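Architecture at a glance
This is what each chain is made of:
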Amino acid sequence: QLQTNSFEQLCINFVNEMLQEQFNESVFAAERRLFAAEGVEVEDGSLQSSAERLRLMTRMLQGLDDQCRLGERGSDEEFFQEIGQKHTVRGICQQEQRGVFSISHYAGKVFYTTDGFVLKNSDQLPPDVTALFATCVGLESVITILNGGTPADAGRLSAADPRASATTS
């Protein structure tokens, strides 16, 4: 465990939560359905879902993006206040002390300091990388999100792009 967990560790843990949820669904839940379909009784057991934690972390990261869009007015302190006002969920996310919050991840409770979150999340891709992405078929949704759009916007744009359907035939 790192002494001070920051933005980078939150991103790593967010992906780990997604992977754990996918693994649970792919392996354990699918096996239960298969056994049930074959009439084999299995002990239900308690399988911890990460779905609520993932929704919370997604909203939290969207709030961080909002702070970044405020430019000079966005701050780590405002992000920390938002965690307390909008994202505190008993047993999942708590404010611990000034600038520190915790998330009870699948693997255990982790403490994060918000120092530097806004600056670290504000990094922009170099223009030549963004231009390269724009020339690639199938990455339109990535460009939409990099330009401040939402995943929903990206899905609508990708579905409407004739180049995307041409590559699937």
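Everything in this summary refers to the structure shown in the same document. (Residues numbered from 1 in each chain as written. Predicted model: local features only at pLDDT ≥ 70, side-chain atom pairs only at ≥ 80, totals over all residues. Heavy atoms only, no water.)

1. Digging into the packing of aromatic side chains
Applicable threshold: Only Phe, Tyr and Trp rings are paired, with Trp represented by its six-membered ring, and only when their centres lie within 6.5 Å; those with planes under 30 degrees apart are stacked, over 60 edge-to-face, the remainder tilted. Working definition: helices are DSSP H or I runs of at least four residues, strands are E runs of at least two. Numbering for both runs from the N terminus. Residue burial is assigned from relative accessible area. The probe radius is 1.4 Å, only protein chains are included, and a residue is buried under 20% of its type maximum, exposed over 50%, and partly exposed in between.
The full count for this structure, using the stated rule, is five aromatic pairs. A ring pair is formed by Phe7 and Phe117, whose centres lie 5.7 Å apart and whose planes are at 70 degrees; its orientation type is edge-to-face. Pair noted here: Phe7 is in helix H1 (residues 7-37) and Phe117 is in helix H4 (residues 117-121), with a separation of 110 residues, a long-range link. Since its relative accessible area comes to 10%, Phe7 is described here as buried. With a centroid separation of 6.1 Å and 75 degrees between ring planes, the pair formed by Phe101 and Phe117 is classed as edge-to-face.

2. Examining the nonpolar core
Keep this limit in mind: Think of a nonpolar core as a cluster: buried Ala, Val, Leu, Ile, Met, Phe, Trp, Tyr and Cys residues, connected wherever their side-chain atoms sit within 4.5 Å. Only heavy atoms matter for contacts: two residues are in contact if any of them lie within 4.5 Å across the pair.
Counting residues in each nonpolar core, the largest one holds 20 residues, and the members touching the most others are Met60, Cys93, Phe101, Ile103 and Phe117. Residue assignment for this core shows that the elements contributing at least two residues are H1, helix H2 (51-69), helix H3 (76-87), strand E2 (100-105), strand E3 (108-113) and H4. If one sorts the elements of this core by residue count, H2 sits on top with seven residues. Excluding its chain neighbours within four sequence positions, the residues that come into contact with Phe117 are Ser6, Phe7, Leu10, Leu64, Asp76, Phe79, Phe101 and Tyr112.

3. Comments concerning the side chain of Glu82
Definition in use: Under this rule, positive means Lys or Arg and negative means Asp or Glu; His and the chain ends count for nothing. Every case where a carboxyl oxygen of Asp or Glu lies within 4 Å of a side-chain nitrogen of Lys or Arg is listed as a salt bridge.
With respect to the helices and strands, Glu82 occurs in helix H3. Despite being buried, Glu82 has no salt bridge partner; Lys86 is the closest side chain of opposite charge, sitting 4.4 Å away. If sequence neighbours within four positions are ignored, Glu82 has contacts with Gly63, Gln67 and His87.

4. Overview of the packing of H1 against H2
For any two helices packed against each other, one specifies the inter-axial angle together with the distance between the axes. Basically, it comes down to this: Axes here refer to lines fitted to C-alpha atoms; in helices the fit is confined to the stretch in contact. Angles between the N-to-C directions go from 0 to 180 degrees. Handedness of a crossing is defined here by the sense of rotation of the near helix relative to the far one, left-handed for an anticlockwise turn of less than a right angle and right-handed for a clockwise turn. Each residue receives one of three labels: charged for Asp, Glu, Lys and Arg, nonpolar for Ala, Val, Leu, Ile, Met, Phe, Trp, Tyr, Cys and Pro, and polar for the others, Gly being one of them.
For the pair H1 and H2, interaxial distance at closest approach is 10 Å and the crossing angle is 145 degrees. Our pair here, H1 against H2, has a crossing hand that is left-handed. Contact with H1, carried on its side by Phe7, Leu10, Asn13, Phe14, Glu17, Met18 and Glu21, involves Ala51, Arg53, Leu54, Met57, Thr58, Leu61 and Leu64 of H2 and no other residues of that element. Looking at side-chain class alone, the contact of H1 with H2 contains nine nonpolar, two polar and three charged residues.

5. Digging into H3
Note the following rule: It is the directions from the helix axis to the C-beta atoms whose arc is reported.
Buried within H3 are the following residues: Asp76, Phe79, Phe80, Glu82, Ile83 and His87. Angularly, the buried residues of H3 cover 155 degrees about the axis, an arc narrow enough to put them on a single face. Turning to H3, the residues buried within the fold contact H2, strand E1 (93-97), E2 and H4.

6. A look at the packing of H2 against H3
It is at 10 Å that the axes of H2 and H3 come closest, and there the two elements cross at 145 degrees. Where H2 crosses over H3, the two elements pack in a sense that is right-handed. Facing Leu56, Arg59, Met60, Gly63, Leu64 and Gln67 of H2, the residues of H3 in contact are Glu78, Phe79, Glu82, Ile83 and His87.

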